[in-house]
Every structure is written in structure tokens, then in C-alpha cells.
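An overview of the molecular structure
Residues per chain, in single letters:
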Amino acid sequence: MVDMFHKTVFLLDHTLQMTESCGILLDLDSSSRTSSRSQPQQGFCPSFISPTSKSLWTCVVENTLEYARILWDVFSDHRLIRVLLSNPQSTETLNGWDKSHQNLVFMCEAFAKAGPPLKNAGAVEIGIKSAIAALGEPTELQSQIMEKNKYASKVKNKGRVICFTSYHLESDLQEYFLNTLIHHNKTDAAVDEILPIQECEFVLVSLHPMGKERKPRISTTGFRNV
């Protein structure tokens, strides 16, 4: 079944902003937590491991992989995920719609090859173009329908773009997404094997360190028949 949840594109900010600490300290030494609840015993060796924290990038990667794991466990081949990294001057694609790319082993290796965020500032506009283009690429199921009907217009093509970034949540980015989507349907979709997008949901998640939060944190916008 080709519905809104058949195709989901994760667009991850892969720039300097995501290297910042999330602001939550993690105590990695279990012995120090145990000793704090009772009197130190004779001969007890104090911890030399200082509390640490994750970067915003680490939090994003962990949550993306956990979301994918749950989705694939529950829905198997019926829900597909595409992950794109928005670099300062380009977009990096970690996987495709092919079923062989829809597993944690493949995704973990892809994240490892991509490495940490680049040490340059940037925005996600370039990534948005690539995310919409990815939604226009047919999946195996959609290709089978196209072969039977001989016309791409007969194929329903809906999907979601979930964007994780430290970008300020302002209406101009949503407007940019809409304009890019309209441009895709008017020009790019005229090319063979590229599908128009009848309905799309854009979820923008703003990530900031604890104590530096900016409101709103999450914005969801739906576009239909654009």
C-alpha cells in the first residue's frame, strides 16, 4: 500500500552547529554512583572518569536509528526510510529506497563512513532540495505499479520529510520547502521515472542544548495537491 508513511526522508543537519554539547551530563562511572549512596569503604579508589555529555549530532543519530529499528520491526518492508545529511555546500545520501538498504547494519556502516559533522556552518536549504528529489524517486513497489500501468501519473506518491536541525523555526523555511515542492512537481516530475508528489508532510525539529532552548521546538506542516 502506497500511503503517506510508505516513504520517509530523514534530513539531518551535518554542520558545525550539531557539534555542540546537548548540555546533559552523563556519569559513566557506576562505582561513583554506588559510593554516593553509602559511606565510602576503606581502600575505596575515587573515580578519575569525569562526567561527559553527548553532542547534538550523537543524539540525532541515536534517535534516527532507534526510530528506524522500531519501524522496520513492526512494518517490515511496508515502510521505507531514506537518510540524507545536509552539509554546508552539498547533500550526502546514506541509503536508497532499495530493500537491501533498509536495515540497521547498513545504516550504522553508512553513519560511520559519514563521520562527525563538518566544521563549517551551513543551512539546510540544500538538503531540502535533495529530500524532495528523493521523494520523487520511485520505490520498488511504485516501479511495479508503473510497469503495469505504463504511466507514472497512475502511481500515488506521498511521503514525509523529517528535518533535524539547530535552525530557528521560522515560516521562511516552510515557505522555501513549499516552493521547492511546487518546482519539483512542475519541472522535475516531467522527467521519466520521476514521480510528482501529491501529498507531503514536513516535520521540522529544532535541536538546541539544554538551557538554550528556542521556541517552538517542533513544527509540522502538510502540503497537498501542490
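Basis of the calculations
Residues numbered from 1 in each chain as written. Predicted model: local features only at pLDDT ≥ 70, side-chain atom pairs only at ≥ 80, totals over all residues. Heavy atoms only, no water. Helix = DSSP H or I, 4+ residues; strand = E, 2+ residues; numbered from the N terminus. Buried < 20%, exposed > 50% of the residue type's maximum accessible area, 1.4 Å probe, protein only. Areas by Shrake-Rupley, 256 points an atom, 1.4 Å probe, with all protein chains shown as cover. Salt bridge = Lys/Arg side-chain N within 4 Å of Asp/Glu carboxyl O. Patch = residues over 30% accessible without salt bridge, like charges linked within 9 Å, V, L, I, M, F, W, Y side chains within 5 Å. Pairing = 2+ DSSP bridges. Contact = heavy atoms within 4.5 Å. Core = buried A, V, L, I, M, F, W, Y, C linked by side-chain atoms within 4.5 Å. Expected span 1.5 Å × (residues − 1). Lys, Arg positive; Asp, Glu negative; His and termini not counted.

**Observations regarding the overall build of the chain**
- Counting its regular elements, the chain contains six helices and eight strands.
- Mapped from its N terminus to its C terminus, the chain presents α and β elements in the order β-β-α-β-α-β-β-α-α-α-β-α-β-β.
- Of all 226 residues assigned to the chain, the portion counted as buried reaches 41%.
- With the model as given, the accessible surface of the chain reaches about 12,500 Å², and the carbon-plus-sulfur share is 54%.

**Looking at the pattern of salt bridges**
- Enumeration according to the criterion identifies six salt bridges in this entry.
- A salt bridge links Arg-82 to Glu-137; the nearest nitrogen and oxygen atoms lie 3.1 Å apart. Residue Arg-82 is found in strand β4 (residues 80-86), and its partner Glu-137 is found in the loop between α4 (125-136) and α5 (140-149); the two are separated by 55 residues along the sequence.
- What makes Arg-82 buried here is its relative accessible area of 7%.
- The partly exposed category is assigned to Glu-137, whose relative accessible area is 30%.

**Re a nonpolar patch on the surface**
- Residues Ile-24, Leu-26, Leu-28, Ile-49 and Met-210 make up a contiguous nonpolar surface patch of roughly 460 Å² in combined accessible area.
- As for its position among the elements, Met-210 is in the loop between β7 (199-206) and β8 (218-224).

**Concerning the pairing of strand β6 (residues 158-165)**
- In terms of burial, β6 is a largely internal element, seven of the eight residues being buried.
- Note: strand β1 (residues 7-13) against β6, five bridges, orientation parallel. The residue bridging Val-9 from the neighbouring strand is Val-161, located in β6.
- Across eight bridges, the pairing between β6 and β7 is parallel. Of the residues in β7, the one forming a bridge with Gly-159 is Cys-200.

**Topic: the environment of Met-210**
- In this structure, the C-alpha to C-alpha distance between Met-210 and Ile-24, residues 186 residues apart in sequence, is 6.7 Å.
- In this view, Met-210 contacts Cys-22, Gly-23 and Ile-24; residues no more than four positions away in its chain are not counted.

**Some details on the nonpolar core**
- Counting residues in each nonpolar core, the largest one holds 25 residues, and the members touching the most others are Leu-12, Val-83, Leu-85, Leu-94, Phe-111 and Phe-164.
- The set of elements that each furnish at least two residues to this core consists of β1, α2 (56-75), β4, α3 (104-114), β6 and β7.
- With eight residues, α2 is the largest single contributor of residues to this core.
- What Leu-12 contacts, discounting residues up to four positions off in sequence, is Trp-57, Val-60, Thr-64, Val-83, Leu-84, Leu-85, Ser-86, Phe-111 and Phe-164.
- Judged by nonpolar contacts, the second largest core, of 21 residues, contains Val-9, Trp-97, Ala-131 and Cys-163.

**Considerations on the environment of Lys-156**
- Residue placement: Lys-156 occurs in the loop between α5 and β6.
- Of the residues examined, Lys-156 reaches a relative accessible area of 55% and is grouped as exposed.
- As a C-alpha pair, Lys-156 and Asp-3 span 153 residues in sequence and 7.7 Å in three-dimensional space.
- Lys-156 has contacts with Val-2, Gln-142 and Gln-198, leaving out every residue within four places of it along the chain.

**Structural notes on α4**
- With twelve residues, α4 extends 17 Å from end C-alpha to end C-alpha; this agrees with the ideal 16 Å at 1.5 Å per step.
- Every buried residue belonging to α4 is among Gly-127, Ile-128, Ala-131, Ile-132, Ala-134, Leu-135 and Gly-136, and all of these are buried.

**Description of the side chain of Arg-160**
- For Arg-160, the location among the structural elements is in strand β6.
- Buried charge Arg-160 goes without a salt bridge, the closest partner of opposite sign being Glu-201 at 4.0 Å.
- With sequence-adjacent residues up to four places away left out, Arg-160 is seen in contact with Met-4, Phe-5, Lys-7, Thr-8, Val-9, Tyr-67, Leu-135 and Glu-201.

Geometric descriptors of this kind do not, in isolation, establish any biological role.
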